[in-house]
Amino acid sequence: MPAIEQDRTPVIAQAVAGSPNTENLRRIWEGKPGLAGWLSTVDHKEIGKRYIVTAFFFLLVGGLEALAIRVQLARPNQTLLSPERYSQLFTMHGVTMIFLYALPVLSGFSNYLWPLLLGSRDMAFPRLNALSYWVFLFSGIFLYSSFPLGKAPDGGWFNYVPYASLAYNPGPNIDVYALGMLLLGISTTVGSINFVVTLARTRAPGMSVNRVPVLVWGTVTASVGNLLAVPAVSLAFFLLWMDRQTGTHFFDSTSGGQPLLWQHLFWMFGHPWVYAIVLPAMGIVSDALPVFCRRPLVGYTAVALSTVTTMVLGFGVWVHHMFASGLPLLSLSFFSAASFVIVIPSAVAVFAWIATIWTGRPVYNAAFHYFAGFVLLFVIGGVSGFMTAAVPVDWQLTRTYFVIAHLHYVLIGINVFPVLGGIIYWFPKLTGRLMNEKLGKWSFWIAFSGFNTAFFPMHVLGILGMPRRIYTYADQLGWSTPNLIVSIGAFIFGAGILLFILNACISLRNGAPAGDNPWDGSSLEWSVPSPPPPYNFAVIPIVASRYPLWEDAMDEGPERSSIYTGMLLDKGRETIGTSPLDAEPDVILRMPGDTLLPLLLALTMTALCASMLVHSRWGVYESALATFIVTALWLWPQRPLAQVDR
Amino acid sequence: MAESIVSDRPLPIGSRGHLATGWWGMLTLILTEGALFAYLFFSYFYLASHALGQWPPSGPPSLDISIPGTVILIAGSLVVWWGERGIERGRSRPLALGLTAALILGILFVSMQFYEWSRQPFRLSTDVYSSLYFTITGFHMLHVIAGLLILAVLLLWTALGHFDAERHAAVSIGALYWHFVTVVWLAVFFIFYIAPTLT
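Residues numbered from 1 in each chain as written. Chains lettered and ligands numbered in written order. Predicted model: local features only at pLDDT ≥ 70, side-chain atom pairs only at ≥ 80, totals over all residues.

### Quick notes on helix α12 (residues 343-359) of chain A
Residue and element names in this part refer to chain A. Along its 17 residues, α12 runs 24 Å from first to last C-alpha, staying within 8% of the 24 Å computed at 1.5 Å per residue. Of all the residues in α12, the buried ones are Pro345, Ser346, Ala349, Ala352, Trp353 and Thr356. The buried side chains of α12 occupy one side of the element, clustering within an arc of 125° when seen end-on. Along α12, exposed side chains directed more than 90 degrees from the buried face belong to Ile344, Trp358 and Thr359. Tucked into the core, α12 has its buried residues touching α9 (279-292), α10 (300-314) and α13 (366-389). (Helix = DSSP H or I, 4+ residues; strand = E, 2+ residues; numbered from the N terminus. Expected span 1.5 Å × (residues − 1). Buried ≥ 20, exposed ≤ 12 C-beta atoms within 10 Å, placed from the backbone. Arc of directions from axis to C-beta. Contact = placed C-beta atoms within 7 Å.)

### Re the pairing of strand β4 (residues 562-567) of chain A
All names here are of chain A. When strand β2 (residues 12-14) meets β4, the two strands line up antiparallel, connected through 3 bridges. Bridge assignment links glutamine 14 to a residue of β4, and that residue is threonine 565. Bridging between strand β3 (residues 540-542) and β4 involves 2 bridges; their strand directions are antiparallel. Paired with isoleucine 542 across the bridge in β4 is serine 562. (Pairing = 2+ DSSP bridges.)

### Observations concerning the environment of leucine 239 of chain A
For leucine 239 of chain A, the location among the structural elements is in helix α7 (residues 214-246). Residues leucine 239 of chain A and alanine 178 of chain A, spaced 61 residues apart in sequence, show a C-alpha to C-alpha distance of 9.2 Å.

### Details of the nonpolar core
Residue and element names in this part refer to chain A. Core analysis: the biggest nonpolar cluster contains 259 residues, and Leu183, Ala236, Leu240 and Leu265 have the highest contact counts within it. In this structure, this core is formed jointly by two domains, domain 1 (12-35 + 527-590) and domain 2 (36-510), each of which donates at least three residues. Those residues within four positions of alanine 236 in sequence are excluded, and the remaining contacts are Trp262, Leu265 and Phe266. (Core = buried A, V, L, I, M, F, W, Y, C linked by C-beta atoms within 7 Å. Domains from an automatic or database assignment.)

### Quick look at the environment of serine 286 of chain A
Residues and elements named next belong to chain A. Its location among the elements puts serine 286 in helix α9. For serine 286, a count of 27 C-beta atoms within 10 Å translates into the label buried. Through-space distance from the C-alpha of serine 286 to that of phenylalanine 371 is 9.3 Å; in sequence the pair is 85 residues apart. Apart from residues lying up to four places away in sequence, serine 286 is in contact with Val214, Leu297 and Val303.

### Comments concerning the domain arrangement of chain A
How big an interface is tends to be reported as the loss of accessible area on association of its parts. Residue and element names in this part refer to chain A. When its domains are assigned, chain A resolves into domain 1 (12-35 + 527-590) and domain 2 (36-510). Averaged C-alpha coordinates put domain 1 and domain 2 at centres separated by 33 Å. If you look at the interface, domain 1 gives 32 residues, while domain 2 gives 32 residues. Secondary structure elements with two or more residues in the side of domain 1 that touches domain 2: α2 (34-40), β3, β5 (574-578) and β6 (585-590). Tallying contributions element by element places β5 first for the side of domain 1 that touches domain 2, with 4 residues. For the side of domain 1 that touches domain 2, the class distribution of residues is 20 nonpolar, 8 polar and 4 charged. (Nonpolar A, V, L, I, M, F, W, Y, C, P; charged D, E, K, R; others polar.)

### Some remarks on the interface of chain A and chain B
In this complex, chain A contributes 58 residues to the contact, which on the side of chain B involves 45 residues. Taken together, the elements giving at least two residues each to the side of chain A that touches chain B come down to β1 (7-8), α6 (173-201), α7, α8 (259-276), β4, β6 and α20 (617-635) of chain A. It is α7 of chain A that provides the largest number of residues to the side of chain A that touches chain B, a total of 7 residues. Taken together, the residues of the side of chain A that touches chain B break down into 31 nonpolar, 17 polar and 10 charged. Relative to strand β1 (residues 11-12) of chain B, β1 of chain A is paired through 2 bridges, and the arrangement is antiparallel. When the bridges of β1 of chain B are listed, arginine 8 of chain A appears paired with leucine 11 of chain B.

### Considering the confidence of the model for chain B
Parts of the model with low pLDDT should not have their predicted coordinates read in detail. Averaged over all residues, the pLDDT of chain B is 94; the fraction at 70 or higher stands at 97%. For this predicted complex, the interface confidence score (ipTM) comes to 0.96, while the overall pTM stands at 0.97. (pLDDT = per-residue confidence, 0-100.)

### Quick word on the packing of helix α4 (residues 128-159) of chain B against helix α5 (residues 169-198) of chain B
Residues and elements named next belong to chain B. Axis separation between α4 and α5 bottoms out at 10 Å; the angle between their running directions is 160°. Judged by the angle between their axes, α4 and α5 are roughly antiparallel. In this structure, α4 crosses over α5, and the sense of that crossing is left-handed. Here Tyr133, Ile136, Thr137, His140, His143, Val144, Gly147, Ile150, Leu151, Leu154 and Trp157 of α4 come into contact with α5, specifically with Ala170, Val171, Gly174, Tyr177, Trp178, Val181, Val184, Trp185, Val188 and Phe192. (Axes fitted to C-alpha atoms, helices over the stretch in contact; angles between N-to-C directions. Parallel < 35°, antiparallel > 145°, perpendicular 65-115°, else oblique. Left-handed = near helix turned anticlockwise from the far one by under 90°.)

Pasting the structure below:
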């Protein structure tokens, strides 16, 4: 065989729809049809859509669990749910929303959008991308595997020992949670690796780090945070599984172990994770809100830096989840102060959004409603967080409904509302059609009023002393009326979400055709057709500013990006590799094609965890061997990837 | 003009040394694996700081196996580095030799660790120290075994003639992981074997 091509000067060409060049690119990048193609695709757009749809499915499941909880709590002394079932429901509600919805939905956005925002043809590791999706899906199924048996995880989503240790919780409930979280940790880790390397290596030429969209800042910050934080929770769950199954004593105070070690490890992960599930959503707002204000974001640099600062500080505040656990006062003071300091970067972002609306010419459409509503909810959730950062206040309010109110304002306010707005904003890019405006506004007002009806009275309930996680309450405590209001609000909120999903389904078929750039957006994804072709960009664009599609309108200098003239790269699946800071081209990257290996590897790793769950020693050996074989095949040097010369 | 950033000089294609995305992927993997060991060491120090009485309960562990083990792992890293220098000049024989030697040294290290495990007066479930000892050295050993599998596959690919002076990114990436495993051992060695003798 002839030696492969070592280097090449890329051909510069023009992007012309329907030309032989683009037809050739389509042939190179298009996936196989049918089931085999569906299972083997590594196209970031397909994977991103699957992430979003799967995460929304889990959102509905978690929402149904919440509604069951709210029916039980609507009146005092109800017996609809037994205490055991109630514990499983609130645990799975938390696990589902926090782990199976909140981050995966943002991974979906980022997977779909990143290469389009960055002017690339795929993520840096397309096969890892498919792997992270499959492992996420299987870990979700795994975590629910014991639910039909009435043995679902029941220790709350933060699963404190000693309640979660074998002596007090002998069933498979906690083992399912522990092993499922190990699996999900793999998905999060490979996904994060992919985002970090994609940002470092595959931006369009000229897209220096100060020109990337804020969503990219949010996601890469979350990803680096995940790489440093996820090992803490994976380790905690692994040590717990060891304590339960092999007789170790990490959390067992009778043999020198420390139950508080669990809390430390869990919250060292847990608090950075909170930022991982909000920073990309804040990035969605920072990119989309300015488009509807007809001006660039106020304070791009400040917002980007505040994103990173929030995460850095987020690694130093975990003890504020443990104020009531008897730690020394000095430690409480330090972590309380650190928690107050986080207000500063958060406020920077809030004032940047307000200034953008204030100084812009807002278009009051459905998406804008969601983003503006988000700003308000973020402020309310921020203020209640600020209150509980003070140690004496926290001592009064911890483990009450006040904390439930706070965390739902933060998580629904900063995650769900930006996500819904983001879906309206990018729906035309994903599907080629616009969502219905009227239904969009109706769903916003129903969801927004339902949300506040459901969660604002919880502050009051908390101050009245209602503890979280109780399955019922007596009727002379003064909690009955607020609880009824909360339950009614929860159903209204659910109706708003259902209407939103209905709108998406209707618009998928009947929405108005969108064209390439229906909102007159500024970033690169709006320069390609809706939906984008398999190769994304017919030529790799060359970027000269932060807002490549607004350069003529803004007219801030002579520099113009070159969107439709650039490197063609049509000798196989290729995209350009660029230097990490300045984005100067330094290599032509060969990208892998569709393959079943990610699905196979996800299956073997799931089999490994399942074997551990059922104590099958041979199952562990066999699935570990299969994992090794699939990994070796995956990494085998290949000619099309230019990993071997001959 | 914007086009000026796209020069007309030729660009290398595909998997080339530190330009390969796999190299960057390995750096991020090491970042997250390093964090994993940091949390393991945190757990060790946290539990040690709360221990009542002597730590370790059975006195400082013996150095007669761990010191040779440390030397063996460092030697294993050196021979892989030497083999990698060989393939950078297009010579696959030193690479094959280096990988083989590292495989032998690594297997020796694992066998010695198993021997040391069998010699301990305590078992995994004896107390919190024994839990930490077996778990942390076990985590490291799993990483050594993963490294050995990587070296074995690299040796196979070398024998198949897959590497030359231009294309050997897999070797650099695998070697980086192997060096990481050695560095982690230095931390394990210091924390478990040296630190208790200093107090």
